[in-house]
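Working through the structure, step by step
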Amino acid sequence: MTLHQPPGGQPLRSVGALIEAGLVAPQAREALEAVAARYAVSVTPAMAALIDPADPDDPIARQFVPDPAELVTLPQERADPIGDDAHSPVEGVVHRYPDRALLKLVHACPVYCRFCFRREMVGPGGDALTGGKLEAALAYLTDHPEIWEVIMTGGDPLILSARRVREVAQRLGAIDHIKVARWHTRVPMVEPDRITADYAAALRIPGKASYVAIHANHPREFTPAARTALARLADAGHVLISQSVLLKGVNADVATLSALMRAFVENRVKPYYLHHPDFAPGTATFRLSLEEGQALVKSLRGHLSGLCQPTYILDIPGGAGKIPVGPAFLSACETPGAEAFAEDRHGERHLYPPA
């Protein structure tokens, strides 16, 4: 595989830059400019270096390089596929579940995933949550004692400076009823040099349990630099959990999913959620059926350590929330007092007596 480094080590934020780096054919310019006019483009040097331009099905390119298919919107796709807006009492806060809330600190990301469920809302130039808006958001969190956990998201909150994240951490640390803080990010994988020891320490919120959810979708993303970044976060006292999206053409096969989950565990990241793709506009080429997803997840059971098993999750369109949609291994158990069938990892069914 030929590895490419973007000129000057800067993120590739335009179709022209992608062409110059050899990641897009010049004849594709017109079609891709139309995509870039609607959805933000950015590929960091770390990710650009992983792309094999000779492979038309490269799984890293598929995640970050624009595709004309993104301009095809299906009737079931929607700008706000999981209904954030309906649960946003003040700007920057999403309070869907009683005991936890999202705090969307920034609308920009180091990379723009082509399957992003917030793709209509994120991009360069988006306002960060600062000044009066941040004060209003923190006031809402303070005034709602049922909120036990706050999840920092965006955009990607780890594009903020160490000074900014330390300020937010200190403000959240002063809210007594918040006991758990969670940062959701792609940065350790796509821009790992940002995660210095000082930055990892800045993310710690005084007196709170600290979690960092790491988004990665392919085992190739675990570069030496990414592994170092993850180690710095773990060594700083953060509990690391994973977030992945099940994506056709990226990781929707048993071998790739297995390698991805093992890579997480080897780097002290506990597999957490494997998301079924949302109905975001222009993302149909990434989606597989729930039945296909369940079969893949079922294949992981018995072949991988229990540490490597993610929860397969569907975010119900429109804002009703997340539900687990993993495969069933127990059947015929609906009738009280009747025998059930338990399926083992080889697909064999075993009678299980009633209680």
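Scope of this entry: the structure provided in the associated data block. Predicted, not measured: the structure shown is a model, and the values here were computed from it.

1. What to know about the layout of surface pockets
Empty space within the largest pocket amounts to approximately 990 Å³. Of all the secondary-structure elements, those providing two or more residues to the lining of the largest pocket are strand E1 (93-97), strand E2 (100-104), strand E3 (149-153), strand E4 (180-185), strand E5 (209-215), strand E6 (239-245) and strand E7 (269-275). Its residues assigned to classes, the lining of the largest pocket shows 23 nonpolar, 10 polar and 12 charged. In this structure, the second largest pocket occupies an estimated 480 Å³ of space. Around the second largest pocket sit 24 residues that line it, and Pro56, Ala61, Val65, Pro66 and Asp67 are the ones nearest its centre. For the lining of the second largest pocket, the per-class residue count stands at 13 nonpolar, three polar and eight charged.

2. Overview of the pairing of E7
Of all seven residues that make up E7, five are buried, and the element is covered over most of its length. Relative to strand E8 (residues 311-316), E7 runs parallel, the two being bridged by three bridges. Paired with His275 across the strands is Ile313, a residue of E8.

3. Quick look at the sheet that holds E6
The mixed open sheet is built from nine strands, whose spatial order is E1-E2-E3-E4-E5-E6-E7-E8-E9. Strands at the two margins of the open sheet, each flanked by one partner only, are E1 and strand E9 (321-324). Sheet twist, expressed as the average angle between the axes of neighbouring strands with direction ignored, equals 25°. Lying over the sheet, helix H11 (residues 290-300) contacts E7 and E8, oriented at roughly 160° with respect to E8.

Rules of the game
- Residues numbered from 1 in each chain as written.
- Predicted model: local features only at pLDDT ≥ 70, side-chain atom pairs only at ≥ 80, totals over all residues.
- Heavy atoms only, no water.
- 1 Å grid on protein atoms, 1.4 Å probe; cavity = no way out; pocket = protein on both sides within 12 Å on 5 of 7 lines; lining within 4 Å.
- Points joined across faces, edges and corners; volume = space filled by probe spheres on them.
- Helix = DSSP H or I, 4+ residues; strand = E, 2+ residues; numbered from the N terminus.
- Nonpolar A, V, L, I, M, F, W, Y, C, P; charged D, E, K, R; others polar.
- Buried < 20%, exposed > 50% of the residue type's maximum accessible area, 1.4 Å probe, protein only.
- Pairing = 2+ DSSP bridges.
- Axes fitted to C-alpha atoms, helices over the stretch in contact; angles between N-to-C directions.
- Contact = heavy atoms within 4.5 Å.

Bear in mind that shape data such as this cannot, by itself, settle questions of function.
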